[in-house]
Amino acid sequence: MDIELVKRTLAPYRELRLSALDNLRLIASVLALSDIRVETFIGTAAGHNGRPRYWVKIAGIWIDCGRDNDYQAQFAFMPEAVSLADAQSVGIALLDDHRIALMCMQSAHFDHCE
């Protein structure tokens, strides 16, 4: 999988600050609409302590969606492969393009209200 293709596909959403779970849903949904298959996990990266994080894996590309209790996280591409110590697969309902747009509008509204 070409990381530049994934980055271009997700570029419009890079500045959003959603909950970590919403980041996971957003990324999986946007990439699914582009026919890019992903795997979704929750777990702690090997060698790190603390709260579990949500992760998206696309072939060899890993995206950190944030801590499981984070309500204003920004997703980040990982520079190298991630080894999860206690990974569990996360099943999520994919969003269509209208629901993705609604999620982005709600995020923009609440960011403005802070």
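Residues numbered from 1 in each chain as written. Predicted model: local features only at pLDDT ≥ 70, side-chain atom pairs only at ≥ 80, totals over all residues. Heavy atoms only, no water.

## Considering the confidence of the model for the protein
Segments scoring low in pLDDT should not have their predicted coordinates read at a detailed level. Averaged over the protein, the pLDDT score is 89; the fraction of residues at 70 or greater is 93%. Low confidence marks residues 109-114, where pLDDT is under 50. Its contacts with residues over four positions away, or in another chain, come to 2 contacts. (pLDDT = per-residue confidence, 0-100. Contact = heavy atoms within 4.5 Å.)

## Re the sheet that holds strand 2 (residues 53-58)
As summarised here, the arrangement of the 5 strands in space is 4-3-2-1-5, forming an open sheet in which the pairing is antiparallel. Here the strands that pair on one side only, and so sit at the sheet edges, are strand 4 (76-77) and strand 5 (88-89). Across 6 bridges, the pairing between strand 2 and strand 3 (residues 61-67) is antiparallel. When the bridges of strand 3 are listed, W55 appears paired with D64. (Pairing = 2+ DSSP bridges. Helix = DSSP H or I, 4+ residues; strand = E, 2+ residues; numbered from the N terminus.)

## Quick look at the packing of aromatic side chains
Within this structure, the stated rule accounts for 3 aromatic pairs. When the ring of F75 is compared with that of F77, the centres are 6.3 Å apart and the planes differ by 70°; the resulting orientation is edge-to-face. As far as the burial class goes, F75 and F77 line up, both buried. Through successive ring pairs, a cluster of aromatic residues spans F41, W55 and W62. One Lys or Arg, K7, reaches over the ring of F77 and ends 5.4 Å from the middle of that ring. (Phe/Tyr/Trp six-rings, centres within 6.5 Å; stacked < 30°, edge-to-face > 60°. Buried < 20%, exposed > 50% of the residue type's maximum accessible area, 1.4 Å probe, protein only. Lys NZ or Arg CZ within 6 Å of the ring centre and 35° of its normal.)

## Side note on unusual backbone geometry
For residues besides glycine, phi is generally negative; the peptide bonds are generally trans as well. At D35, a position not held by glycine, the phi torsion is positive, near 60°. One can find D35 in the loop between helix 2 (20-33) and strand 1 (39-43). Backbone geometry places A59, a non-glycine residue, at a positive phi of 50°. Note that A59 resides in the loop between strand 2 and strand 3.

## Side note on the pairing of strand 3
Across a regular strand the side chains alternate sides, sitting on one face of the sheet and then on the other. By the criterion of burial, strand 3 is predominantly enclosed, with 6 of the 7 residues buried. Linkage of strand 2 to strand 3, two consecutive antiparallel strands, is achieved through a turn of 2 residues, within which A59 is found at a positive phi near 50°. The pairing of strand 3 with strand 4 spans 2 bridges and is classified as antiparallel. Following the sheet pairing, D64 is matched in strand 4 by A76.

## What to know about the environment of I36
Locating I36 in the fold gives a position in the loop between helix 2 and strand 1. Given the relative accessible area of 7%, I36 is considered buried. A C-alpha to C-alpha distance of 8.8 Å links I36 and M1, two positions 35 residues apart in sequence. The contacts of I36, once residues within four sequence positions are left out, are M1, L5, T9, L31 and I58.

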